[in-house]
Every structure is written in structure tokens, then in C-alpha cells.
Amino acid sequence: MPHSHAVILLILIILSAIIGVLFGWFFGDLSLQIGWLGDLFLNALKMIIIPLIVASVISGIGALGDVRKLGRLGGSTLLYYGFTTAVAVFIGLVVVNIIQPGAGIELGEATVPERILEKQGTGASDIIMSLISPNLFASATEMQLLPIIVFAILFAMALTTIGERSKPVFAVFDGINEAMMKLVIWIMYFAPIGIFALIAARIGLAGGGEELFKEIEAVGWHVVTVLTGLFIHFCFLFLLLQLVAGKGLAYLFGMSRALFTGFGTASSTATLPLTMENARENNVSDKAIKFVLPLGSTVNMDGTALYEAAAVLFIAQAYGIDLTMTQQIIVFITATLAAIGAAGIPEAGLVTMVIVLSAVGLPLDGIALLLAVDWFLDRFRTVVNIWGDSVGAKVIDTLVIKKAL
Ligand code: ASP
């Protein structure tokens, strides 16, 4: 996308997000009627996700050309993502221990929804099981990207071992990838309207501004804790980026369209096409965009990890249960796993939180405390998830790929 278009679009997107908040706040009912415009935008993004991911991962690995290089890139990417996720959880734990948002909270009557209850008994082994799909098409229809990425990696690895005959196959996926990126640009022009409608309709659904304000107020310190933690982590990633690659502000500005789209859609998966396009405009190398970003969008969720740790401790505090150091270490480990297992879709983090709660023996009912504001906090943690992937792509690009692996 030409630079001038990108700047104008960003201004329009920022304005549309602000107007969306105001519109939803004051005209809640009316906002619900324009919600379909947001869904249209979201559907357009979702429409291209599966072909884009499959094509980009295969063509990215084709460009690496050598399984050893893939090992180096894959290994450093996972190590980096593991490290930043651990930092995020640590920040979450520190902030919640300092602010103590759960102290004195009234335990309400709200019930836990079915979608969460049915996850009872989910454990770490389920996350490993989810890597391999018995039916790729079923995974695709349910937007489970992780098994699809695993398949694409294995498929591309196999291709690299068959020499000449792999060339036309890689060429096909290169072409599909390029065409998909063109579609992303076309869809991006629709972003201001889509983001406006998504935000306005969601606030409308919450009953307009006054209702939203009341709900946030009820667990005010929890909201403050999570937002503070997310902000600190956002800055940590920014500093890391600045240290490794420099020009942090320019990169932040360049990635902003994807970040705002993440705020509007509450889905890092749906935003992935825009994240890839933005990273391309910001001179991140193709290999990082095609491999590091898709992988990050499914396994690297810093915002979600931070949120899960902070929310579980909040629930413990609300129930007046003191978690020991060992239990907090268990929260640390399971929150990291739960974030890896969470899909990049709205409020996925709330569902995988069951893993963390069960690991330390806390009542699942505690989730009811968070229900009303989860969609709101979800927007912010999605932004941090996307920022985490974007910084990851730039850092890996600078440290690993530009050094010729
Ligand atoms: N909505 C988040 C995302 O898409 C996941 C979550 O934390 O619920 O990245």
C-alpha cells in the first residue's frame, strides 16, 4: 500500500475508533443495528486466513530452503516467544500482588457459561494433542490454526527434501501468498468503517456507556491492574525492540493499523493478514513475515498470559484464599501454557483460564466475577498480543534472519 494511503488510513482508523466509542456510548440501541458492517469486515478477514496462512508458511519455508535453517529459525522463534511470554506473566503476577485488586470484592451470583464449564478437565496434554489434527478440514472450519500451521511446516519440510520436483509446488504457494496479500490491501480500505461498527456495536451490546461504566466500576481495581500490567509489558517490548533493532517509534507507528484493528476485532487471528501487510511495509523480511508472524499469532500471546495470571490471583484474593509461593509458580507455568493454547479469537483467554484455576484448585465460579468486563479487557490484551508478535518478527529478523541464520 502506498505510504500516503497508509497514513490517511491510519488517521481514519483512529478517528473511527474514537467515533465508534462515542456512538456506542450514547446511541447504544442504534449501534446494534450497524453491527453487521463490522461483521462484514471481520468475515472478509477471516475469509482469507486459512489460504493465507498455509501459503505463507509453505512459501516462507521454501525460501529458507534448508531444514537446518528452519531448525535455527524455529528454535530461536520459540525461545524468544517463550521468554517474552514468561516476562508478561511475571509482570502480571507482580502487579496483582502489589495492587491486590480482589481484596474486599463482593462475590456475586452470576453463573459460569456453558462454553467455559465444558472445558473443565482440560489439561496441558490437551494443548500438545491439539498440535496434530485428525482432520485438517475440520480444523480449518473451526479456525484452529495451530494444527494447520504444524501441517504446513511438515509439508514444506518434506518438499525441501525432494529436490527439483518441489520447485513448481513452492511456486504455486508463492503465487497464492502474493494474491492473498493483495486481497489484504483491498480489505484494509474497508477497515475504518469496520472498526467503527465493531466498537460501537459491542458497546451497544453492553447496554451503552452508562451500563459499561457501571460494570467496569464493579471490578475497577481488577481493570486498573490488568491495564497497568499490559501497559508495562507493551513498554517492555518497545524497549526490547529499540535495543535490538532501533527506530522503535517508527515501527510502532507503522504497525498501528494492525494494532487498532486488533482493538476493533478482539482477534489476533483475524488481524493477522493486516499484521503481515503492515510488517511488510515496515521492511521486515519476507521470511519473518511468512513464518514468525503466523506462528506467533497462535502460540505467542503475551497479553493473554499476563491477563490469565492477574485474573487468577484476583479470583483467589476475592475468595480470601492466599496462594503460596509454590502455587504462584504453578500459576506462572500454567498461565504460560494456557496462553499458548488460547486461540486468537475473542475472549479465548477466559476459556483457557480454566486450566490455571484447576491447577491451583480455585473454584471455576470465580470466572463469573470477570465475565462482565472480559470483552473490554480482551481488546487491550489482543493489542498486546499483536504487538508481541510484531516486535518478535522484527527482533528475530534482526538477530537471526539478517545474520543469514
Ligand atoms: N482475543 C485474544 C486474541 O485474539 C485472545 C484472548 O486473550 O482472549 O489474541
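Structure: above.
The sections below set out a description of the structure shown in this document. None of the values given here were measured: they were computed from a predicted structure. (Residues numbered from 1 in each chain as written. Predicted model: local features only at pLDDT ≥ 70, side-chain atom pairs only at ≥ 80, totals over all residues. Heavy atoms only, no water.)

**A word on the pattern of salt bridges**
By the definition in use, this model includes eight salt bridges. Taking the shortest distance from any N to any O, the salt bridge between Arg280 and Asp286 comes out at 3.9 Å. Accessibility expressed as a relative area gives 27% for Arg280, which makes it partly exposed. When its relative accessible area of 33% is taken as the criterion, Asp286 is described as partly exposed. (Salt bridge = Lys/Arg side-chain N within 4 Å of Asp/Glu carboxyl O. Buried < 20%, exposed > 50% of the residue type's maximum accessible area, 1.4 Å probe, protein only.)

**Digging into the nonpolar core**
Val331, Met353 and Trp387 are the most contacted members of the largest nonpolar core, which totals 129 residues. Ranked by the residues each element gives to this core, the list is headed by helix α19 (residues 371–401), at 14 residues. In this structure Met353 touches Tyr307, Glu308, Ala311, Val312, Ile315, Ile367 and Leu370, once residues within four positions along its chain are discounted. Counting residues in each nonpolar core, the second largest holds five residues, with Ile34, Leu37, Phe196 and Ala197 among its members. (Core = buried A, V, L, I, M, F, W, Y, C linked by side-chain atoms within 4.5 Å. Helix = DSSP H or I, 4+ residues; strand = E, 2+ residues; numbered from the N terminus. Contact = heavy atoms within 4.5 Å.)

**Overview of the packing of aromatic side chains**
Inspection of the entire model under this criterion finds 12 aromatic pairs. With centroids separated by 6.3 Å and ring planes inclined at 35 degrees, the aromatic side chains of Tyr251 and Trp387 adopt a geometry described as tilted. Of this pair, Tyr251 sits in helix α13 (residues 248–265) while Trp387 sits in helix α19, and the two are 136 residues apart along the sequence. Taking the centre distance of 5.3 Å and the plane angle of 65 degrees together, the rings of Phe376 and Phe380 count as edge-to-face. With a gap of four residues between them, Phe376 and Phe380 both fall in helix α19, about one helical turn apart. With relative accessibility at 17%, the residue Phe376 sits in the buried group. Taken together, the aromatic side chains of Phe263, Trp375, Phe376 and Phe380 make up a single cluster linked through ring pairs. (Phe/Tyr/Trp six-rings, centres within 6.5 Å; stacked < 30°, edge-to-face > 60°.)

**Overview of the site of the ligand**
The immediate surroundings of the ligand are formed by 15 residues, with Ser268, Thr304, Gly349, Asp378 and Arg381 found nearest. With respect to the ligand, the side chain of Asp378 contributes an N or O atom lying 2.7 Å from a nitrogen atom. Expressed as a share of its isolated accessible area of 270 Å², the protein-covered part of the ligand is 100%. Where the shell around the ligand is concerned, the elements lending two or more residues are α18 (348–359) and α19. No other element matches α19, which puts four residues into the shell around the ligand. Among the residues making up the shell around the ligand, the classes are represented as five nonpolar, seven polar and three charged. (Near = heavy atom within 4 Å. Polar contact = N/O pair within 3.5 Å; in protein donor to acceptor, adjacent residues only side chain to side chain. Areas by Shrake-Rupley, 256 points an atom, 1.4 Å probe, with all protein chains shown as cover. Nonpolar A, V, L, I, M, F, W, Y, C, P; charged D, E, K, R; others polar.)

**Focus on the environment of Ala318**
Its place among the elements puts Ala318 in helix α16 (residues 302–318). As a C-alpha pair, Ala318 and Ala103 span 215 residues in sequence and 5.6 Å in three-dimensional space.

**Quick word on the packing of helix α11 (residues 208–218) against α19**
Orientation of α11 relative to α19, taken along the N-to-C sense of each, is 100 degrees, at an axis distance of 9 Å. Classed by the angle they form, the pair α11 and α19 counts as roughly perpendicular. Along its contact with α11, which presents Leu212, Glu215 and Ile216, the element α19 presents Ala372, Val373, Trp375 and Phe376. Residue classes in the contact of α11 with α19 are distributed as six nonpolar, no polar and one charged. (Axes fitted to C-alpha atoms, helices over the stretch in contact; angles between N-to-C directions. Parallel < 35°, antiparallel > 145°, perpendicular 65-115°, else oblique.)

**Re a nonpolar patch on the surface**
Nonpolar side chains collect at one region of the surface, where Ile14, Ile18, Leu22, Trp25, Phe26, Phe27, Leu30 and Phe213 lie side by side and expose about 790 Å² of accessible area between them. It is helix α1 (residues 3–26) that contributes the most residues to the nonpolar patch, five residues altogether. Considering the arrangement of structural elements, one finds Phe27 in the loop between α1 and α2 (28–33). Taking relative accessible area as the criterion, Phe27 reaches 46% and is therefore assigned partly exposed. (Patch = residues over 30% accessible without salt bridge, like charges linked within 9 Å, V, L, I, M, F, W, Y side chains within 5 Å.)

**A word on α11**
Of the residues making up α11, those classed as buried are Gly208, Gly209, Leu212 and Ile216. The arc enclosing the buried residues of α11, seen along the axis, measures out at 120 degrees, which places them on a common side. Residues of α11 that are exposed and point over 90 degrees away from its buried face: Glu210, Glu217 and Ala218. Of the surrounding elements, those touching the buried residues of α11 are α1, α2, α10 (191–205), α12 (220–245) and α19. (Arc of directions from axis to C-beta.)

**Structural notes on the environment of Glu210**
Here Glu210 shows up in helix α11. Look at Glu210 and you get exposed, because its relative accessible area is 67%. Taking the C-alpha atoms as reference, Glu210 lies 9.8 Å from Gly28; in sequence the two are 182 residues apart.

**A few points about the side chain of Ser268**
Locating Ser268 in the fold gives a position in helix α14 (residues 268–281). Of the residues examined, Ser268 reaches a relative accessible area of 5% and is grouped as buried. For Ser268, the residues in contact, after removing those within four places along its chain, are Ser297, Met301, Gly344, Thr382, Asn385 and Ile386.

**A closer look at unusual backbone geometry**
The backbone of Met143 sits at a positive phi, close to 60 degrees, despite the residue not being glycine. Inspection of the secondary structure assignment puts Met143 in the loop between α7 (136–141) and α8 (145–160). For Ala266, which is not a glycine, the phi torsion comes out positive at approximately 55 degrees. Mapped onto the fold, Ala266 is located in the loop between α13 and α14.

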